[in-house]
Amino acid sequence: MLNHVKAEDVLFLDIETVPQLPAFDQVSPELQLLWEKKSAYFRQDDQTAADVYGRAGIYAEFGKIVCISVGLITTTGGRRLFRVKSFAGDNETVLLSDFADMLKKFARDVNKNICGHNAKEFDIPYIARRMLINGLKLPPILDVAGKKPWEVKFIDTLELWKFGDYKHYTSLNLLTTIFNIPSPKDDIDGSQVAAVYYEEHDVERIARYCEKDVLATAQLFLRFKGEDLIDEEAVEHA
């Protein structure tokens, strides 16, 4: 699997998102109404739109990105290293702009790819949508409108694991467990990110968590290729 892709040509990626505002009553009346319509598809009969506002972060129209972590595998002196960096903070426009600048430089080579777990369904579309909402131009590698399938440079470890079974979902945590990869879920999980952001104001903690997911995705990618994992001491943080 993945014999045609060099690990050094892949940018591993993960994002963390939260609702745009701390509470539903702070949302504009127009967006409150639209969230009420949106959430009607999944909330229980005894729940209000405000009750499920915590889920707004998973929708690009109602949420925002607070962290994008990326990682690259490099080889120095025959030893593999993993370099990881986070774009994080309260100013979504700034972090997206900085990420876009990095992505343009990375993807100058046509052999470069972006990889994430469920990235085709969530991370990549979310980033692209939030860039447009923030008035930013899409980097060419993200601008996939009109491209042929083989021209799209996205790799998704969830899609690879499905082997064509499109009704099957397997979490990154489960896959890291069965492949004996150190779990990234040793501090917080995705359901706690909004509370850490709005109540603890701890973006650095969110970034550390996000970076662990990026490393776990890279390790899973290497497992799929039948290659050795990266040693923990070979991880460098920018």
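Residues numbered from 1 in each chain as written. Predicted model: local features only at pLDDT ≥ 70, side-chain atom pairs only at ≥ 80, totals over all residues. Heavy atoms only, no water.

Moving on: helix α2 (residues 92–106). For α2, which comprises 15 residues, the first-to-last C-alpha distance of 21 Å matches the rise-based estimate of 21 Å (1.5 Å per residue) to within 8%. Along α2, the residues classified as buried are E92, L95, L96, F99, A100, L103 and F106. One side of α2 holds all its buried residues, which, seen down the axis, span an arc of 135°. In this structure, the buried residues of α2 make contact with β1 (10–19), β2 (63–76), β3 (79–88), β4 (113–116) and α3 (119–133). At the N-terminal boundary of α2, the capping side chain belongs to N91, with an oxygen 3.2 Å from the backbone nitrogen of T93. (Helix = DSSP H or I, 4+ residues; strand = E, 2+ residues; numbered from the N terminus. Expected span 1.5 Å × (residues − 1). Buried < 20%, exposed > 50% of the residue type's maximum accessible area, 1.4 Å probe, protein only. Arc of directions from axis to C-beta. Contact = heavy atoms within 4.5 Å. Polar contact = N/O pair within 3.5 Å; in protein donor to acceptor, adjacent residues only side chain to side chain.)

On to the environment of L222. Within the fold, L222 resides in helix α7 (residues 203–225). L222 gets classed as buried once you look at its relative accessible area, which sits at 0%. For the pair L222 and V94, spaced 128 residues apart in the sequence, the C-alpha separation amounts to 32 Å. Contact partners of L222, with chain neighbours within four places excluded, come to A7, I73, R80, E227, D228, L229 and I230.

Let us now look at the layout of surface pockets. When its volume is computed, the largest pocket comes out at roughly 920 Å³. Lining of the largest pocket is provided by 35 residues; of these, I15, E16, I58, F122 and G190 occupy positions nearest its centre. Where the lining of the largest pocket is concerned, the elements lending two or more residues are β1, α3, α5 (172–178), α6 (193–198) and α7. The element contributing the most residues to the lining of the largest pocket is β1, with seven residues. (1 Å grid on protein atoms, 1.4 Å probe; cavity = no way out; pocket = protein on both sides within 12 Å on 5 of 7 lines; lining within 4 Å. Points joined across faces, edges and corners; volume = space filled by probe spheres on them.)

With 10 of 14 residues buried, β2 is to be regarded as a mostly interior element. Examined bridge by bridge, β1 and β2 share nine bridges and lie antiparallel to one another. Each bridged residue has a counterpart across the sheet, and for L13 the counterpart in β2 is V70. Between β2 and β3, which pair antiparallel one after the other, the connecting turn spans two residues, and G77 there sits at a positive phi close to 60°. (Pairing = 2+ DSSP bridges.)

To continue, consider the side chain of S39. As for its placement among the helices and strands, S39 is situated in helix α1 (residues 29–39). Apart from residues lying up to four places away in sequence, S39 is in contact with A49 and V52.

By size, the foremost hydrophobic cluster in this structure holds 26 residues, and its most contacted members are I68, F99, I127, M131 and L142. Breaking this core down by element, the ones donating at least two residues are β1, β2, α2 and α3. With sequence-adjacent residues up to four places away left out, M131 is seen in contact with L96, F99, A100, L136, L138, P139 and L142. Core analysis: the next-biggest nonpolar cluster, separate from the first, contains 25 residues, V10, L175, L220 and L222 among them. (Core = buried A, V, L, I, M, F, W, Y, C linked by side-chain atoms within 4.5 Å.)

Phi is positive for N118, close to 65°, though the residue is something other than glycine. Here N118 shows up in the loop between β4 and α3. What makes N118 buried here is its relative accessible area of 19%.

How two aromatic rings sit relative to each other is given by the distance of their centres and the angle of their planes. One pass over the full model with this rule turns up 15 aromatic pairs. When the ring of F12 is compared with that of F221, the centres are 5.2 Å apart and the planes differ by 70°; the resulting orientation is edge-to-face. Note that F12 is positioned in strand β1 and F221 in helix α7, a separation of 209 residues in sequence. We note that F12, like F221, is buried. Here the aromatic cluster, defined as three or more aromatic residues joined through ring pairs, consists of F24, W35, F42, Y53, Y59 and F62. Taking the ring centre of F42 as reference, the NZ or CZ of R55 above it sits at 3.9 Å. Sitting above the plane of the F87 ring, K85 keeps its charged end 5.2 Å from the centroid. (Phe/Tyr/Trp six-rings, centres within 6.5 Å; stacked < 30°, edge-to-face > 60°. Lys NZ or Arg CZ within 6 Å of the ring centre and 35° of its normal.)

One pass over the structure, following the stated rule, counts eight salt bridges. Residue D9 is joined to K112 by a salt bridge in which the shortest nitrogen-to-oxygen separation is 3.2 Å. Here D9, found in the segment before β1, pairs with K112, found in the loop between α2 and β4; they are 103 residues apart in sequence, far enough to count as distant. Residue D9 is classed as buried on the basis of its relative accessible area of 14%. Using a relative accessible area of 16% as the deciding quantity, one classes K112 as buried. E227 is the partner of R80 in a salt bridge, and the nearest nitrogen-oxygen pair spans 2.7 Å. (Salt bridge = Lys/Arg side-chain N within 4 Å of Asp/Glu carboxyl O.)

Everything listed is a geometric property; what it means functionally is a separate question.
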